[in-house]
Amino acid sequence: MSKSPITCHVLDTSIGKPAEGIVVNLQQFEPAAKEGDFDTFTPIAKGTTNSDGRCTDLFAPANPGESAPKLRPGLYKIVFRPKAYFEVTNRKCFYPWVEITFEIEKPEEHYHIPLLISPYSFTTYRGS
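All of these numbers come straight from a predicted model, not from anything done at the bench.

## Some remarks on the side chain of His 112
Secondary-structure assignment places His 112 in strand β8 (residues 111-118). On the basis of relative accessible area, His 112 is assigned to the buried category, the value being 9%. Only 2.7 Å separates the side chain of His 112 from the side chain of Thr 7, close enough to count as a polar contact. When near neighbours in sequence (up to four residues on either side) are disregarded, His 112 contacts Thr 7, Cys 8, His 9, Arg 54, Tyr 125, Arg 126, Gly 127 and Ser 128.

## Here's the deal with the environment of Val 10
Mapped onto the secondary structure, Val 10 falls in strand β1 (residues 6-12). A relative accessible area of 0% means that Val 10 is categorised as buried. Distance from Val 10 to Val 24, taken between C-alpha atoms, is 10 Å for residues 14 residues apart in sequence.

## A closer look at the nonpolar core
Counting residues in hydrophobic clusters, the biggest one holds 26 residues, and the most contacted among them are Ile 6, Leu 26, Leu 58, Ile 78, Phe 80 and Phe 102. Secondary structure elements with two or more residues in this core: β1, β3 (23-30), β6 (74-81), α1 (83-88), β7 (98-104) and β8. With residues up to four places along the chain from it excluded, the contact list for Ile 78 reads Cys 8, Val 24, Asn 25, Leu 58, Val 98, Glu 99, Ile 100, Phe 102 and Ile 113.

## With respect to unusual backbone geometry
The phi torsion at Asn 90 lies on the positive side, around 55 degrees, for a residue other than glycine. Looking at the secondary structure, you find Asn 90 in the loop between α1 and β7. In this structure Asn 90 comes out as exposed when scored by relative accessible area, which is 76%.

## Quick word on the sheet that holds β7
The strand order across the open sheet formed by four strands is β4-β3-β6-β7, and the pairing between neighbours is antiparallel. Strand pairing shows two members of the sheet lacking a second neighbour, β4 (40-48) and β7, which therefore form its edges. Each neighbouring strand pair of the sheet contributes to a mean axis angle of 25 degrees, computed without reference to strand direction. Pairing geometry for β6 and β7, over seven bridges, is antiparallel. Its bridge partner lying in β7, Leu 75 is registered against Glu 103.

## Points about the pattern of salt bridges
Enumeration over the complete set of coordinates arrives at five salt bridges. The salt bridge involving Arg 126 is made with Glu 109; its shortest N-O contact spans 3.7 Å. Of the two residues, Arg 126 sits in the segment after β9 (121-124) while Glu 109 sits in the loop between β7 and β8, which places them 17 residues apart along the sequence. The partly exposed category is assigned to Glu 109, whose relative accessible area is 31%.

What counts and what doesn't
Residues numbered from 1 in each chain as written. Predicted model: local features only at pLDDT ≥ 70, side-chain atom pairs only at ≥ 80, totals over all residues. Heavy atoms only, no water. Helix = DSSP H or I, 4+ residues; strand = E, 2+ residues; numbered from the N terminus. Buried < 20%, exposed > 50% of the residue type's maximum accessible area, 1.4 Å probe, protein only. Polar contact = N/O pair within 3.5 Å; in protein donor to acceptor, adjacent residues only side chain to side chain. Contact = heavy atoms within 4.5 Å. Core = buried A, V, L, I, M, F, W, Y, C linked by side-chain atoms within 4.5 Å. Pairing = 2+ DSSP bridges. Axes fitted to C-alpha atoms, helices over the stretch in contact; angles between N-to-C directions. Salt bridge = Lys/Arg side-chain N within 4 Å of Asp/Glu carboxyl O.

Here it is in structure tokens:
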């Protein structure tokens, strides 16, 4: 089975551990159809981080033995929802959603989007 062409990993830097149970949404940019309309991002996949803080099946094949869906060049957005994760441990969260927009130039490559988060800060980088 092919793995997802887009994966992510969330680490809670305030405790130095993976962030399990964070809902992750992948969206694809759609430019406005005509002048005056709004550009939009269309949801194309959804997942949840596992016990290691990873979501490796975000855009994986629908059935075993199939290839992963094909991406096309363009803008994508991955939306993390960490609020519920922090609420489980009785911590407030200033960033209930973290949205990371990135550009895919070579759809045949693997794209890994790591997120380092704490209740009052976050950062990201291009992973490998």
